[in-house]
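Chain by chain, the residues run as shown.
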Amino acid sequence: MKNFVLNLKESKARRETFFERYPTCLPPVEVWEAEPPERCETPAWWRGTPPFNSHRVNFLNVLRACEKADEIFMFWEDDCIFSESFEDRYNAFMREVPDDWECLNLCTLHMNSTIFPPRQISENVLRPVLGFNTNAMLFSPSGARKMRDQLEKPSWMCKHIVEQQLGYLYMNQEFKVYAPIRNFVGQAACYSELCERERCERWYNDFLYIDRNGDRTWQT
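Residues numbered from 1 in each chain as written. Predicted model: local features only at pLDDT ≥ 70, side-chain atom pairs only at ≥ 80, totals over all residues. Heavy atoms only, no water.

Asks: Just checking my understanding: could you explain helix α2 (residues 50-69) for this structure?
Replies: Helical periodicity: at 3.6 residues per turn, an α-helix aligns residues three or four positions apart in one direction. Here α2 is 20 residues long and its end C-alpha atoms lie 29 Å apart, about the 28 Å a rise of 1.5 Å per residue gives. Positive backbone phi, approximately 55°, marks D70, located one or two places after α2. (Helix = DSSP H or I, 4+ residues; strand = E, 2+ residues; numbered from the N terminus. Expected span 1.5 Å × (residues − 1).)

Quick look at the structure:
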């Protein structure tokens, strides 16, 4: 398994803070140097902002590398924060993940969960339906290929934002993606280069899901 954190070379403070927070129970992590917006080619069909295009380019580069290496990738963005109980919850989640997994989203934003509720499949694992976010993931080569195919389509069904385009892939039952029933990775309060504004701390743990009894349950 390869393990990377995406970070702009100029963002030394965020890189150092990430390594200070990074749990010692996880494998050693290398820095994947992100391409800034001004160095990313913009396709003619792109209708998003330059920062969101650079997110697309950088994430595609990681996905292609995973396919080429033919091994699992663990992937972080440099604004990740980790819960105090991270080790126990991460280990419990990984023990229950089905063997067929292609993507694990450790910090899923379950969009429109009242309409598209994720489904609980075990004590600690959900199958997302419309899941967003890319800041903490594991993916296999087959999962990387499916995500790359989704992002290389010249016509997107949504705003030109990587997370939203991938969210539609989650709806495909042939894409084996899973998430924790309660996120143990969040996003720090910081300036977002993508949104170009300050963002508050976020854990995305407020959503509706279908529990193992078939009941609609709120996660808070």
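Asks: Which parts of the structure should I look at to understand the layout of surface pockets?
Replies: Where empty space is left can be seen by rolling a probe of water-molecule size over the atoms. Computed from the structure, the largest pocket encloses a volume of approximately 720 Å³. Considering the residues around the largest pocket, the lining is formed by 34 residues, among which H55, E77, E163, S192 and L194 are closest to the centre. Of all the secondary-structure elements, those providing two or more residues to the lining of the largest pocket are β1 (2-7), α2, α5 (162-170) and β13 (190-192). The element contributing the most residues to the lining of the largest pocket is α2, with five residues. (1 Å grid on protein atoms, 1.4 Å probe; cavity = no way out; pocket = protein on both sides within 12 Å on 5 of 7 lines; lining within 4 Å. Points joined across faces, edges and corners; volume = space filled by probe spheres on them.)

Asks: Please clarify how the environment of E163 should be interpreted in this entry.
Replies: With respect to the helices and strands, E163 occurs in helix α5. Note: C-alpha distance between E163 and V5 (158 residues apart in sequence) is 17 Å. Once residues lying within four places of it in the same chain are set aside, the contact partners of E163 are H55, G131, F132, N133 and T134. (Contact = heavy atoms within 4.5 Å.)

Asks: Just checking my understanding: could you explain the pattern of salt bridges for this structure?
Replies: Two side chains carrying opposite charge are able to pair once their charged atoms lie near each other. For the coordinates displayed, the defined rule picks out ten salt bridges. Between K12 and E16 there is a salt bridge, with its nearest N and O atoms 3.9 Å apart. Of this pair, K12 and E16 both sit in helix α1 (residues 12-21), four residues apart, which is roughly one turn of that helix. Judged by its relative accessible area of 42%, E16 falls in the partly exposed class. R148 is the salt-bridge partner of E152, the closest N and O atoms lying 2.8 Å from each other. Given a relative accessible area of 34%, E152 falls into the partly exposed group. Taken together, the shared-partner salt bridges in this structure form one network comprising R64, E67, R145, R148, D149 and E152. (Salt bridge = Lys/Arg side-chain N within 4 Å of Asp/Glu carboxyl O. Buried < 20%, exposed > 50% of the residue type's maximum accessible area, 1.4 Å probe, protein only.)

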